[in-house]
Amino acid sequence: MTLDAESFRAEDGVADAAAPFYPVRARHDPADDFICCDPAMVAVVRRARQAAESGASVLISGESGTGKEVIARFIHNASRRAKAAFVALNCAAIPDHLLESELFGHERGAFSGAIGRRIGKLEAADGGTILLDEISEMDLRLQAKLLRAVQEREVDRVGGQRPMKVDIRILATTNKDLLSEVKKQTFREDLYFRLNVIPLHIPSLRQRPDDIPVLARYFLRKYDSRSAPRFRSFSDASIKAMLAYHWPGNVRELENAVNRAIVLATEDEIRRQCLDLFPPDGNGVRLAGHRAERPAASAGRPLWQIERDAIIDTLVMTGGNRTRAAEVLGISIRCLRNKLQLYASQGFAPPGPASRTD
Ligand SMILES: Nc1ncnc2c1ncn2[C@@H]1O[C@H](COP(=O)(O)OP(=O)(O)OP(=O)(O)O)[C@@H](O)[C@H]1O
Ligand SMILES: [Mg+2]
């Protein structure tokens, strides 16, 4: 598979300082775009590319939302196995008693409920790559069975007669420090060393600030093109706000913030307040966190009142745009209109356009 490095110049004022940047693009599948320009991340991509060629196991670590799964797909696509299957299994999402048969498969009648033979994920990945997501969540008994499979490259179906050979490349991710799990004896040391042949740590978004405007613009194009493209750029104030924010949810949070801003924005340029990163007084505390820290403003109040406040607040946020407010609230425009008529009859006038603050 060929990887293509294209260079762009960022159009936003602040992002200009970081240009040019190099999104590394897997040509055959735009869903696998991996965008980066910060030197810290470019170094990780370089290492991922080397790892891809080697075929060795890679342990990808990093905070939630940093792009561990994206880089895992990138490694698969850049490897000799690119045309074969990429199979992902989230070890945290599946209860312990089901994980074994999910991984290894089972024969008919292996346990009550096993009505037919089932191929496990390790077998399904034969010839390709398996991604074991959140590996730290696997219980110790299963870790022992996985270790055998990794060492022997053999899969033993639950209730099976004899193991089968598989040709798989193993990638694993963790957002916990796996070595400290080893010290706590909740993760097997031998399995840790088997998986951690090439360690790849993805820095948090705040540790690679040059990526912030670049990724924001990428998501702007990605989501804006879903309908008729409306937005061209971010205001300087919104870029500054994004650079100052600490992004606890990393790239996933940035992606959501841009997506939300596209729904809320009323002009060609995305303004700071549409990103909803700071409370209106700008004291640097995130609005959502701010809300969570104080006692719930909705507690002990009638639902109709909470609903009315949510509708009016949203209209203020959208500058009085009812279509957009209905979209954000997840209700029909007709339902919104009916509610507003009711509020008007109770003496609440719908808000007018919001004043510009950036
Ligand atoms: N460099 C990047 N370029 C483009 N999109 C990215 C990049 N990094 C992350 N994303 C996007 O951010 C979101 C989160 O990425 P991903 O699922 O890979 O994170 P993760 O580290 O596996 O998170 P978790 O630990 O919660 O599973 C996805 O929608 C992904 O497409
Ligand atoms: Mg993940």
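See the structure printed just above.
Residues numbered from 1 in each chain as written. Chains lettered and ligands numbered in written order. Predicted model: local features only at pLDDT ≥ 70, side-chain atom pairs only at ≥ 80, totals over all residues.

## Observations regarding the overall build of the protein
Phase 1 of the analysis: Across its full length, the protein holds 16 helices and 13 strands.
Phase 2 of the analysis: The buried share of the protein, reckoned over its 358 residues, is 33%.
Phase 3 of the analysis: For the protein, the share of sequence-separated contacts (at least 6 apart) that also reach a separation of at least 24 residues comes to 70%. (Helix = DSSP H or I, 4+ residues; strand = E, 2+ residues; numbered from the N terminus. Buried ≥ 20, exposed ≤ 12 C-beta atoms within 10 Å, placed from the backbone. Contact = placed C-beta atoms within 7 Å.)

## Quick notes on the sheet that holds strand 10 (residues 169–174)
Phase 1 of the analysis: The sheet built from five strands is open, its strands ordered 4-7-10-3-11 with parallel pairing. Single-partner strands in this sheet number two, and they are strand 4 (86–90) and strand 11 (198–201). Across the sheet, the axes of successive neighbouring strands diverge by a mean angle of 20 degrees, strand direction being ignored.
Phase 2 of the analysis: Inspection of the sheet shows strand 7 (residues 129–133) paired to strand 10 by four bridges, in the parallel sense. The residue bridging Leu 131 from the neighbouring strand is Leu 171, located in strand 10. (Pairing = 2+ DSSP bridges. Axes fitted to C-alpha atoms, helices over the stretch in contact; angles between N-to-C directions.)

## Considering the pairing of strand 7
Phase 1 of the analysis: Most of strand 7 sits out of view: five of its five residues are buried.
Phase 2 of the analysis: Residue alternation in strand 7 divides its side chains into two sets, Thr 129, Leu 131 and Asp 133 and Ile 130 and Leu 132, and both sets are buried.
Phase 3 of the analysis: Looking at chain direction, strand 4 and strand 7 are connected through five bridges and run parallel. What sits directly across from Leu 89, in strand 7, is Leu 132.

## Description of the site of ligand 1
Phase 1 of the analysis: Lining the immediate environment of ligand 1, one finds 17 residues, of which Ser 64, Gly 67, Lys 68, Glu 69 and Val 251 sit closest.
Phase 2 of the analysis: Residue assignment for the shell around ligand 1 shows that the elements contributing at least two residues are helix 3 (68–77) and helix 11 (250–264).
Phase 3 of the analysis: Residues that form the shell around ligand 1 fall into these classes: six nonpolar, six polar and five charged. (Near = placed C-beta within 6 Å. Nonpolar A, V, L, I, M, F, W, Y, C, P; charged D, E, K, R; others polar.)

## A look at the environment of Phe 111
Phase 1 of the analysis: Tracing the chain through its elements places Phe 111 in the loop between strand 5 (105–106) and strand 6 (118–119).
Phase 2 of the analysis: C-beta crowding within 10 Å serves as the criterion here: with 12 such atoms nearby, Phe 111 is assigned to the exposed category.
Phase 3 of the analysis: Placed 48 residues apart in sequence, Phe 111 and Gly 159 show a C-alpha to C-alpha distance of 7.8 Å.

## Let's talk about the nonpolar core
Phase 1 of the analysis: With 69 residues, the main nonpolar core has Ala 48, Ile 71, Ile 75, Leu 215, Ala 216 and Leu 254 as its most contacted residues.
Phase 2 of the analysis: A total of seven residues in this core trace back to one element, the largest contributor, which is helix 9 (residues 211–224).
Phase 3 of the analysis: With five residues, the next largest nonpolar core counts Ile 311, Leu 315, Ala 325 and Leu 336 among its residues. (Core = buried A, V, L, I, M, F, W, Y, C linked by C-beta atoms within 7 Å.)

## Some points on helix 11
Phase 1 of the analysis: Relative to the 21 Å expected for 15 residues at 1.5 Å per residue, helix 11 spans 21 Å between its end C-alpha atoms, a close match to the ideal helical length.
Phase 2 of the analysis: Buried within helix 11 are the following residues: Asn 250, Val 251, Leu 254, Ala 257, Val 258, Ala 261 and Leu 264. Looking straight down helix 11, one finds that the buried residues subtend no more than 150 degrees of arc, so they occupy a single side.
Phase 3 of the analysis: Each element contacted by the buried residues of helix 11 is listed here: helix 9, strand 13 (269–270), helix 12 (272–275), helix 14 (303–317) and helix 15 (322–329). (Expected span 1.5 Å × (residues − 1). Arc of directions from axis to C-beta.)

## Details of helix 6 (residues 140–152)
Phase 1 of the analysis: With 13 residues, helix 6 should reach 18 Å at 1.5 Å per residue; the first-to-last C-alpha distance of 18 Å fits that figure.
Phase 2 of the analysis: Looking one or two residues past helix 6, Arg 153 carries a phi angle of roughly 50 degrees, positive in sign.

## Re the packing of helix 2 (residues 39–54) against helix 3
Phase 1 of the analysis: Two elements in contact, helix 2 and helix 3, have axes whose closest approach is 8 Å; the angle formed by their N-to-C orientations is 45 degrees. Looking at the two axes, helix 2 sits oblique to helix 3. Every pair of crossing elements has a handedness; the one defined by helix 2 and helix 3 is right-handed. Contacts from Ala 48, Ala 51 and Ala 52 in helix 2 reach Ile 71, Phe 74 and Ile 75 in helix 3.
Phase 2 of the analysis: Among the residues forming the contact of helix 2 with helix 3, the class breakdown is six nonpolar, no polar and no charged. (Parallel < 35°, antiparallel > 145°, perpendicular 65-115°, else oblique. Left-handed = near helix turned anticlockwise from the far one by under 90°.)

## With respect to unusual backbone geometry
What is expected of a backbone is that most residues other than glycine have negative phi and most peptide bonds are trans.
Phase 1 of the analysis: Phi at Glu 134 takes a positive value of approximately 50 degrees, unusual for a residue other than glycine.
Phase 2 of the analysis: Along the chain, the position of Glu 134 falls in the loop between strand 7 and helix 6.
Phase 3 of the analysis: Judged by the 18 C-beta atoms lying within 10 Å of it, Glu 134 is partly exposed.
Phase 4 of the analysis: A positive phi angle is found at Gln 185, which is not glycine, with a value near 65 degrees.
Phase 5 of the analysis: As for its position among the elements, Gln 185 is in the loop between helix 7 (178–183) and helix 8 (189–195).

## Overview of the pairing of strand 3 (residues 58–61)
Phase 1 of the analysis: Burial of the side chains of strand 3 extends over both faces: Val 58 and Ile 60 are buried on one face and Leu 59 and Ser 61 on the other.
Phase 2 of the analysis: With four bridges connecting them, strand 3 and strand 10 associate as parallel partners. Bridged to Ser 61 within strand 10 is Thr 174.
Phase 3 of the analysis: Relative to strand 11, strand 3 runs parallel, the two sharing four bridges.

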